[in-house]
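# Results of the structural survey
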Amino acid sequence: MSKKSTEVRNLSQQITVLLHRILQKEASVSYQDSMIKVVVSREIFEHQFGVTLHRIQQAIDEEFPKRTTDIAVLVRDAGSRFEHVFRIWKTAEE
């Protein structure tokens, strides 16, 4: 396994732990297929989606301000009817 893929996996796993901690009451969080997966209730997906996305983005920016890779996050409702995939971009190198 290359150094880059190991780095991506390690960062994604650390972010998964972080999101599990902050979203533990409203979501299940896992890391699978090179993507962080967040599963929420349909009600949260339909009515609090923006708030949930903001919390995810803010938590990652605060805990991991310097990222060497993009992070893919999938948010899905528990019934797998709706889903949204977004990327959190790596930070600019100085």
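Data block above holds the structure.
Reference entry: report on the structure contained in this document. Because the structure is a prediction, the values reported are computed rather than measured.

Let's shift gears to the nonpolar core. Note on soluble globular proteins: their nonpolar side chains tend to be buried together. By size, the foremost hydrophobic cluster in this structure holds 22 residues, and its most contacted members are I15, L19, I36, V38, I56, V73 and V75. Secondary-structure elements contributing two or more residues to this core are α1 (3-22), β1 (27-32), β2 (35-40), α2 (42-47), α3 (49-63), β3 (71-77) and β4 (83-88). Setting aside residues up to four positions removed in sequence, V75 forms contacts with V38, V40, F45, F49, L53, I56, F82, E83, H84 and F86.

Locating M35 in the fold gives a position in strand β2. For the pair formed by M35 and L11, sequence separation is 24 residues and the distance between their alpha carbons is 11 Å. Filtering out sequence-adjacent residues up to four positions away, M35 remains in contact with S30, A72, V73, L74 and V85.

Moving on to the sheet that holds β4. Read from one edge of the open sheet, 4 strands run β1-β2-β3-β4, paired in mixed fashion. Of all strands in the sheet, those with a lone pairing partner are β1 and β4, marking the two edges. Direction aside, the axes of adjacent strands within the sheet are offset by 20° on average. Pairing of β2 with β3 involves 5 bridges; the strand directions are parallel. Looking at the pairing, V38 lines up with V75 of β3. This element, α1, spans β1, β2 and β3 of the sheet and lies at about 170° to β1. Each of β2, β3 and β4 is contacted by α3, which is oriented at about 25° to β4, the strand it contacts most.

The residue D33 is not glycine, and still its phi comes out positive at about 55°. With respect to the helices and strands, the residue D33 is situated in the loop between β1 and β2. Of the residues examined, D33 reaches a relative accessible area of 62% and is grouped as exposed. The phi angle at S80 is positive, at roughly 60°, despite the residue not being glycine. Along the chain, S80 turns up in the loop between β3 and β4.

With that out of the way, let us pick up the packing of aromatic side chains. Aromatic rings in a pair are described by how distant their centres are and how their planes are angled relative to each other. On inspection of all chains with the given rule, the structure shows 2 aromatic pairs. Ring plane angle 45° and centroid distance 4.7 Å describe the contact between F45 and F49, whose orientation is recorded as tilted. Here the aromatic rings of F45 and F82 are separated by 5.9 Å at their centres, their planes lie at 15°, and the arrangement is stacked. Here F45 is found in helix α2, whereas its partner F82 is found in the loop between β3 and β4, with 37 residues between them in sequence. Through pairs of rings, three or more aromatic residues link up here, namely F45, F49 and F82.

The rules we used
Residues numbered from 1 in each chain as written. Predicted model: local features only at pLDDT ≥ 70, side-chain atom pairs only at ≥ 80, totals over all residues. Heavy atoms only, no water. Core = buried A, V, L, I, M, F, W, Y, C linked by side-chain atoms within 4.5 Å. Buried < 20%, exposed > 50% of the residue type's maximum accessible area, 1.4 Å probe, protein only. Helix = DSSP H or I, 4+ residues; strand = E, 2+ residues; numbered from the N terminus. Contact = heavy atoms within 4.5 Å. Pairing = 2+ DSSP bridges. Axes fitted to C-alpha atoms, helices over the stretch in contact; angles between N-to-C directions. Phe/Tyr/Trp six-rings, centres within 6.5 Å; stacked < 30°, edge-to-face > 60°.

All we've got here are geometric facts, nothing functional implied.
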